[in-house]
Amino acid sequence: MVTIGILVALAVPVFNGVLERAKVAKDLSNLRQIGAATQMYMNDNNGVFPGSATATWMLQLEQNQKYLSSWRVLQSPFDKRTTSESGDGTTAISYGINASVLPGNVAISADKITKPVTFIVFAPAQKLGGAVSFQGLANSSAPGVTLTGNSNSVASTPGGTMAGGTSNNRTKINALCADWHVETMSWSGTGPAFPHTSDPGNDADAPFRWSP
């Protein structure tokens, strides 16, 4: 029995690590699909991002599966809520669009972005709190679930100011940039980090991360 207990104690951290890596991979896959759907939408709409004062970006991308294959692509594997394909208050949305592409709830075109390789378009939109959790729904108010970078912090609407990343003990988070590459980013530090809106010392791209 002692031997079995030791083996279990050794196996659990390994299993948890494998499970987390699988979630990170799925999260990255979701963001890639959202990026592909957004590009297709923009191809049909003169390069303008989805979202407006009357229609959410989520609804415009889903449009009866015109651009997204299913609503479930918009739920992060780190989001533990039950969900549905109804596209309403029972449908969980875990990702947010950068609110700066929707000034005054009017979507800009991609050519307004100064540094696409740095500018974050989509990322997990957590709610305020010590644990990883989400509040967005398919019936969230137009223009949809958003992320706002401000004073080296990021807030989601709905949700509030986010307290950390989604993985690696909240030190890492995945993001989709405007050149459509996905990246696992650090949550904090003096180097490149997800929330930075100004350079803390070694992150020259910080001013371009949340502002076009």
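A brief report on the enclosed structure follows. (Residues numbered from 1 in each chain as written. Predicted model: local features only at pLDDT ≥ 70, side-chain atom pairs only at ≥ 80, totals over all residues. Heavy atoms only, no water.)

A closer look at the nonpolar core
Alright, step 1. Ranked by size, the top nonpolar core spans 47 residues in total, and within it Phe49, Trp57, Leu74, Ile120, Phe122 and Phe194 carry the most contacts.
Alright, step 2. Contributing elements (two or more residues each) for this core: helix 1 (2-43), helix 2 (57-62), strand 1 (95-98), strand 2 (120-124), strand 6 (172-177) and strand 7 (182-186).
Alright, step 3. Ranked by residue count, the leading element in this core is helix 1, at seven residues. (Core = buried A, V, L, I, M, F, W, Y, C linked by side-chain atoms within 4.5 Å. Buried < 20%, exposed > 50% of the residue type's maximum accessible area, 1.4 Å probe, protein only. Helix = DSSP H or I, 4+ residues; strand = E, 2+ residues; numbered from the N terminus.)

Some words on the pairing of strand 6
Alright, step 1. In terms of residue burial, strand 6 counts as a mostly covered element, since five of its six residues are buried.
Alright, step 2. Across two bridges, strand 2 lies against strand 6 in antiparallel orientation. Its bridge partner lying in strand 6, Ile120 is registered against Cys177.
Alright, step 3. Where strand 6 meets strand 7, five bridges bridge the pair, whose relative direction is antiparallel. Bridge pairing in strand 7 links Asn174 to Thr184.
Alright, step 4. Here strand 6 folds back onto strand 7 in antiparallel fashion, the turn holding four residues, of which Trp180 has a positive phi close to 70°. (Pairing = 2+ DSSP bridges.)

Some words on the environment of Val117
Alright, step 1. One can find Val117 in the loop between strand 1 and strand 2.
Alright, step 2. Along the chain, Val117 and Asn98 lie 19 residues apart, while their C-alpha atoms are 14 Å from each other.
Alright, step 3. Ignoring sequence-local partners within four residues, the contact set of Val117 consists of Cys177, Asp179 and His181. (Contact = heavy atoms within 4.5 Å.)

Some thoughts on unusual backbone geometry
Alright, step 1. Residue Ala142 is joined to Pro143 through a cis peptide bond whose omega torsion reads 15°.
Alright, step 2. Considering the arrangement of structural elements, one finds Pro143 in the loop between strand 2 and strand 3 (146-150).
Alright, step 3. In this structure, the amide linkage connecting Thr157 to the following residue, Pro158, adopts the cis form with an omega of 0°.
Alright, step 4. Relative to the helices and strands, Pro158 resides in the loop between strand 4 (153-157) and strand 5 (160-161).
Alright, step 5. Its identity is not glycine, yet Gln63 carries a phi of approximately 35°, on the positive side.
Alright, step 6. Mapping Gln63 onto the fold places it in the loop between helix 2 and strand 1.
Alright, step 7. We classify Gln63 as partly exposed; its relative accessible area is 32%.
Alright, step 8. Backbone geometry places Gln65, a non-glycine residue, at a positive phi of 65°.
Alright, step 9. By secondary structure assignment, the location of Gln65 is in the loop between helix 2 and strand 1.

Considerations on the side chain of Asp27
Alright, step 1. With respect to the element layout, Asp27 can be found in helix 1.
Alright, step 2. Put simply, Asp27 is tucked away with no salt bridge, and the nearest opposite charge, on Lys26, sits 9.1 Å away.
Alright, step 3. Among all residues touching Asp27, those that are not within four sequence positions of it are Ser76, Pro77, Phe78, Tyr95, Pro124, Thr166 and Asn174. (Lys, Arg positive; Asp, Glu negative; His and termini not counted. Salt bridge = Lys/Arg side-chain N within 4 Å of Asp/Glu carboxyl O.)

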